[in-house]
Amino acid sequence: MTTDVHQLDDGAWISVNDSREVNVSDLWLLARSDFCGCETTDFLAEGFVKVGIDYPDIEARIAGQCIACGESGVTDWLTVGRVVDPESGEFYGVDHESIHFPEKRTRLARPPE
Amino acid sequence: MPTKVENWKDEVYGNEIREHLMEFAEEGWDAIPEDEHDAWFERFKWWGLYHQRSGQESYFMMRIGTPNGVIEPGQLEVIGEVAKEYATGPADNPEFGDAYCDWTTRQSIQLHWIKLEDIPEIFEKLESVGLGTQQACGDSWRNIVGCPVAGKDKHEHVDAWPVAKDLHETFKGNDDYSNLPRKWKVAIAGCDEGCGQGDINDLAFEPAEKDGELGFNVRIGGGLSRKEPRLARELDVWVPPEQAADVAHGMSALFRDHGDREDRFNARIKFLMDEWGPEKMRSVLQEEYVDFELETAGEDMRDQYSYNTGSQDGHNDHVGVHEQNDGNYYVGLNVLVGRMGADDTLELAELADEYGSGEVRLTQRQNIIVTDVPEENLDDLLDEPLLEDYSPDPSPFMRGSIACTGTEFCSLSIVETKNRQVRYARWLRDNVELPADHDEFHIHLSGCTASCAQPQIADVSLRGMKTRKDGEPVEALDIGLGGGLGDDPRFADWVEMRVPADEVPGAIKNLVNNFEDAREDGETFRDFVEDRDEETLAEMVEPEETDYHDPYMHNTKMTWYPYAEDDDMQASPAPTDGSGEPLPSDD
Ligand code: HEM
Ligand code: SF4
Ligand SMILES: [Zn+2]
């Protein structure tokens, strides 16, 4: 089956194959990002703005704020989890509390919403 | 390219959702195909059902739309019964027990922990007394708000209640407007106090006089959500009451056709107003959507507005005993954070019957009003023990508190809200003294930027955030000051960010004390804030730990229910079947 990914309820969560998988209100540690001046951005996720797939990665651009310096905005593309086997569609979320490296671009499986 | 939500809406939306909903309810939760969950939950909103957050799968929030907040004789009892019988979940709330009703900031009613399987019975009970959930959520005409004492108020110039009722009847279930690009919020009021809060609605009718005739001026494009608050802008149109519905037809058709269906974040009419401006909005309305010549705006009454203005005189809310235009009285009761236990609701229904006409009304400040009380019944009503908890004369901190749903049920939330605000209000009541000439002080707490508690229009605005305390993430609040409505409406200035939630009561105490010391004689809090820059104000807000204790510092969104004994996400019983027994879940 094809992997179906979207954000719903005004960006409150990411659905992967009709299952709620990633939620706002988590803190993500972002390194090497130009989101703010902090060495590591202590990022509070407030809303999923765009979602995409770069197999096997599920990626998102997230609106939120660095709770260390207060800078707010939208991140570059972040891997939020993986669907390793598209047949089963099973989603493995990443540990948001470990360090993440946002990327400028991702290949979109479908046009962004 | 239209969004996925638009595609789902193209397939099934509006009235026809009901059949499917009833079928699923009949067969049970498992009958909803797993790969259609998202589509169906999006559609169910149109019938007032909103799937609760992660960890609470298979449970729904149910919203009942009561136009203008009017709950007719006989209806409150049914609302209380439905709450008691069906709105109970797998765990109790420590402040409010196992069943309760929420009176909302848009004069609606919210119940929680509703099971899909119970919906047919609930609909039958509600509909037997003329209540309903249709279009209470979803991309449609939402519950119409207005002056809650319309038709009874001594300050009224046009009786807006028949007009509101007519709009409600015309646009509820109307297939021409059942699939809009986004929600459509309408306010209408005929009084000179501004309690319709038209400024924060998509379409507002406000009382105005033209050539000696009373009618309404029209404003468009207000709303608070996200970090994009907007005040509705003047359309330069006046309508007599009998033409209000025509303009409403026209404006909502314009929105239907021109609102952005490709980007839900950009869909509300406030963004179309940004793009077009009022002149173009007016001319498109005139040329394409109405078939009579629109009149230019009349003389409004905004300079008399007092509602939620911080002016410390006139009606800042509807709490207290007030004489109606027919010589009876209405008694506005304070409901702290808008939540009333089901048993209390049932008792209030009896009191309203015994002492008044049986009617009650909801306000946009989450309070409830018992109307039509003859003078000779007043003392007995006021002596009722229930009014000790829902007081017509509460502390300003109890009275001014509004809180949204927050992490208890809501998927967008960042922090716990209602129980926290209850604790804040009690602590502030016991520990903080306002200047003697201040008996109104509004504190609105929203769990995220969607702003359901209308934080930007309060004296003190609180908005969910996080911070670290001793390295650990804790729930926190941004603090804003000096918002309010009136002739010169103003959104709060956000002056102090990411204050740990347990330091907020101390911050408010210090702020009030600093205000008392620095103010000029007679200066209101709102004027005081307006006259000072952000930096000066920030210095006056000194966050501080006090003996206030906050049991919800621990990232409550990560729990399945913040107050459960074992609150771990893994301990959630959800999803459950119709009798509340856990179902196997593949999540
Ligand atoms: C289960 C989740 C939610 C709950 C329990 C909830 C609760 C509420 C309540 C009680 C109100 C006031 C009542 C009314 O509109 O009739 C409200 C209004 C509002 N809600 Fe929500 N809400 C939820 C989700 C959302 C979401 C996902 C959004 C974002 C799309 C949102 C945005 C708003 C806004 C903007 C208002 C009105 C504020 C204004 O006056 O402009 N809510 N919500
Ligand atoms: S303001 Fe945010 S947290 Fe509160 S009910 Fe609305 S969407 Fe939920
Ligand atoms: Zn930073």
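Counting starts from 1 at the beginning of each chain's written sequence and moves along it residue by residue. Just so you know, chain letters begin at A and ligand numbers begin at 1, following the order they were written in. Residue-level local features of this predicted model are given only where pLDDT is at least 70; pairs of side-chain atoms are given and counted only at 80 or more, and the full residue set underlies all totals for whole chains, interfaces and linings. Excluding hydrogens and water, the side-chain values take into account all heavy atoms of the structure.

1. Overview of the interface of chain A and chain B
No. 1: Contact residues are listed per partner, giving 36 residues for chain A and 37 residues for chain B.
No. 2: The quantity reported as buried area is the accessible area (1.4 Å probe) lost by two parts once they are put together, taken as the sum for both. Between chain A and chain B lies a buried interface of about 2,800 Å² when both sides are counted; carbon and sulfur atoms form 46% of it.
No. 3: Should a side-chain nitrogen of Lys or Arg be within 4 Å of a carboxyl oxygen of Asp or Glu, the pair is scored as a salt bridge. Where chain A packs against chain B, one counts seven salt bridges.
No. 4: Counted as a polar contact is a pair of N or O atoms within 3.5 Å, where, for protein atoms, one must be capable of donating a hydrogen and the other of accepting one, and residues adjacent in sequence contribute only when both atoms are in side chains. On inspection of chain A and its partner chain B, the count reaches 18 residue pairs in polar contact (both at pLDDT 80 or more). Whether two residues are in contact is decided by their heavy atoms: any pair within 4.5 Å suffices.

2. Observations regarding unusual backbone geometry
No. 1: Residue A:Pro56 is reached from A:Tyr55 by a cis peptide bond, and omega for that bond is 0°.
No. 2: The linkage connecting B:Ala574 with the following residue, B:Pro575, adopts the cis geometry, with an omega of -5°.
No. 3: Of note, the phi angle at A:Asp9 is positive, near 50°, even though the residue is not glycine.
No. 4: Segments assigned H or I by DSSP are reported as helices when at least four residues long, segments assigned E as strands when at least two residues long, and all are numbered from the N terminus. Take A:Asp9: it is sitting in the loop between strand 1 (5-8) and strand 2 (13-16).

3. Section: the domain arrangement of chain B
By convention, interface size is frequently given as the accessible area that disappears when the constituent parts associate.
Residues and elements named next belong to chain B.
No. 1: Where each domain starts and ends comes from a domain assignment, either automatic or drawn from a database. Partitioning chain B into structural domains gives domain 1 (4-128), domain 2 (150-304), domain 3 (326-394) and domain 4 (399-554).
No. 2: When each unit is reduced to the centre of its C-alpha atoms, the spacing between domain 3 and domain 4 is 28 Å.
No. 3: Buried area between domain 3 and domain 4, summed over both chains or domains, comes out near 1,100 Å², and the portion from carbon and sulfur atoms is 47%.
No. 4: Together, Val337, Arg339 and Arg365 form the three largest contributors to the area buried by domain 3 at its contact with domain 4, with a combined 55%.
No. 5: Scanning the region where domain 3 abuts domain 4 turns up one salt bridge.
No. 6: Note that Glu408 is salt-bridged to Arg339, the shortest N-O span being 2.9 Å.
No. 7: Along the contact surface separating domain 3 from domain 4 lie six residue pairs in polar contact (both at pLDDT 80 or more).

4. Thoughts on the state of the cysteines
Working definition: the covalent bond between the sulfur atoms of two cysteines is a disulfide.
Residue and element names in this part refer to chain B.
No. 1: Here, two cysteine sulfur atoms that lie within 2.5 Å of each other are counted as a disulfide. Taken as a whole and judged by the stated rule, the model has zero disulfides over all chains.
No. 2: Cys101 takes part in no disulfide bond, and the closest cysteine sulfur to it belongs to Cys137, at a distance of 16 Å.
No. 3: With a relative accessible area of 0%, Cys101 lands in the buried category.
No. 4: The thiol of Cys147 is unpaired, and the distance to the nearest cysteine sulfur, on Cys195, comes to 3.5 Å.
No. 5: Burial classification: accessible surface area is computed with a 1.4 Å probe over protein chains only, and a residue below 20% of its type maximum counts as buried, one above 50% as exposed, and the rest as partly exposed. A residue is classified by how much of its surface remains accessible, and Cys147, at 1% relative accessible area, is buried.

5. A word on the side chain of B:Asn377
Residues and elements named next belong to chain B.
No. 1: Looking at where Asn377 falls in the secondary structure, it is placed in the loop between strand 16 (368-373) and helix 10 (378-383).
No. 2: Engagement of the side chain of Asn377 in a polar contact is seen with the backbone oxygen of Tyr355, the distance being 3.1 Å.
No. 3: Among all residues touching Asn377, those that are not within four sequence positions of it are Glu354 and Tyr355.

6. A short note on the side chain of B:Arg43
Residues and elements named next belong to chain B.
No. 1: Note on placement: Arg43 falls in helix 3 (residues 37-44).
No. 2: We classify Arg43 as buried; its relative accessible area is 3%.
No. 3: Not counting chain neighbours up to four residues away, the residues in contact with Arg43 comprise Trp8, Glu11, Val12, Tyr13 and Ile17.

7. Re the packing of aromatic side chains
Aromatic ring pairs: the centre-centre distance and the angle between the two ring planes describe each pair.
Residues and elements named next belong to chain B.
No. 1: Pairing of aromatic rings covers Phe, Tyr and the six-membered ring of Trp, with a centre-to-centre limit of 6.5 Å; geometry is then stacked below 30 degrees between planes, edge-to-face above 60, and tilted otherwise. Using the criterion set out here, one finds 31 aromatic pairs over all chains in the structure.
No. 2: Here the aromatic rings of Trp29 and Phe60 are separated by 6.5 Å at their centres, their planes lie at 65°, and the arrangement is edge-to-face. Separated by 31 residues along the polypeptide, Trp29 in the loop between helix 2 (17-27) and helix 3 and Phe60 in strand 2 (residues 59-64) bring together distant segments of the chain.
No. 3: The exposure class assigned to Trp29 is buried, which follows from its relative accessible area of 7%.
No. 4: Sitting over a ring, as applied to charges here, requires NZ of Lys or CZ of Arg to be within 6 Å of the ring centre and within 35 degrees of the ring normal. For Arg463, the ring lying beneath its charged end belongs to Trp494, and the centroid distance is 3.9 Å.

8. Observations concerning the sheet that holds strand 2 of chain A
All names here are of chain A.
No. 1: Sheet architecture is open: three strands sit in the order 1-2-3, paired in antiparallel fashion. The sheet is open, and its two edges are formed by strand 1 and strand 3 (19-23), each paired on a single side. Pairwise comparison of adjacent strand axes, ignoring direction, gives a mean angle of 35° for this sheet.
No. 2: Direction of pairing for strand 1 relative to strand 2: antiparallel, over a ladder of four bridges. Note that in strand 2 the partner of His6 across the bridge is Ser15. When DSSP locates at least two bridges between a pair of strands, those strands are taken to pair. Note on geometry: axes are C-alpha line fits, over the in-contact stretch for helices, and angles between N-to-C directions span 0 to 180 degrees.

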